[in-house]
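For reference, the chains in residue letters:
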Amino acid sequence: MTRQSYILFDTAIGRCAIAWSPQGVVALQLPEANDGATRARLRRRHPGLEEAAAAPPEILQAIAAIVALLEGEANDLTDIALDMAAVPDFNRQVYEVARRIPPGRTRSYGEIATELGDRLLARDVGQALGQNPFAIIVPCHRVMGANGKVGGFSANGGVETKLRMLTIEGAKLGSAPTLFDSLPAMARPARRR
């Protein structure tokens, strides 16, 4: 068995953990309530990980890119190598499509399902993203429900964390402003009560 290690690191949303093998990133764990809970959740999903004192250069580069993204830089993270050896084929296909969603943009589960060849796979797409071991690197937070609904998010903080990450990236959420929303306050028609 290939040795897999992990390390914790600070970001704008809290302390994350990143795990790797010689082939690439095995997992990225979003922050939990504290470091112990972050470690425990990562180890539950990936038993046998050993905490490292330091990370190799390619993982340090990945960490720097993730930190920059979570500070608002438009960084797509597609250069980060992933070790998908333990990822089922369908999930891998979903993750490859999701990785192409640029920062600040969103797609729906149905759009990804359609790209994979069958819009009826939207629920399966959602389940695959719920199992995503590469949160942020495979940006499942950029995938929304039908008609712009936020959808779920399995990280600590749930939908609030998803919305926070989308806000950091400058994603436009909800419907476009109306003509009256874009007018100066004094020029807006009075609203009837």
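Residues numbered from 1 in each chain as written. Predicted model: local features only at pLDDT ≥ 70, side-chain atom pairs only at ≥ 80, totals over all residues. Heavy atoms only, no water.

With that settled, the discussion passes to the overall build of the protein chain. A tally of regular secondary structure across the protein chain gives seven helices and six strands. The helix and strand sequence of the protein chain, counted from the amino end, reads β-β-β-α-β-α-α-β-α-α-β-α-α. A sequence separation of at least 24 residues applies to 56% of the contacts in the protein chain between residues at least 6 apart. (Helix = DSSP H or I, 4+ residues; strand = E, 2+ residues; numbered from the N terminus. Contact = heavy atoms within 4.5 Å.)

A few words now on the packing of aromatic side chains. Per the stated rule, a full pass over the model turns up one aromatic pair. Between tyrosine 95 and phenylalanine 134, the aromatic rings sit 6.2 Å apart at their centres with planes inclined by 85 degrees, giving edge-to-face as the arrangement. With tyrosine 95 in helix H3 (residues 89-98) and phenylalanine 134 in the loop between helix H5 (122-130) and strand E6 (143-144), the pair connects residues that are 39 residues apart, well separated along the chain. Classification of tyrosine 95 by relative accessible area gives buried; the value is 1%. (Phe/Tyr/Trp six-rings, centres within 6.5 Å; stacked < 30°, edge-to-face > 60°. Buried < 20%, exposed > 50% of the residue type's maximum accessible area, 1.4 Å probe, protein only.)

With that out of the way, let us pick up the confidence of the model for the protein chain. A residue-level look at the protein chain finds 88% of positions with pLDDT of 70 or above and a mean pLDDT of 86. This model gives residues 175-193 a pLDDT under 50, and the stretch forms six contacts once residues within four places in sequence are excluded. (pLDDT = per-residue confidence, 0-100.)

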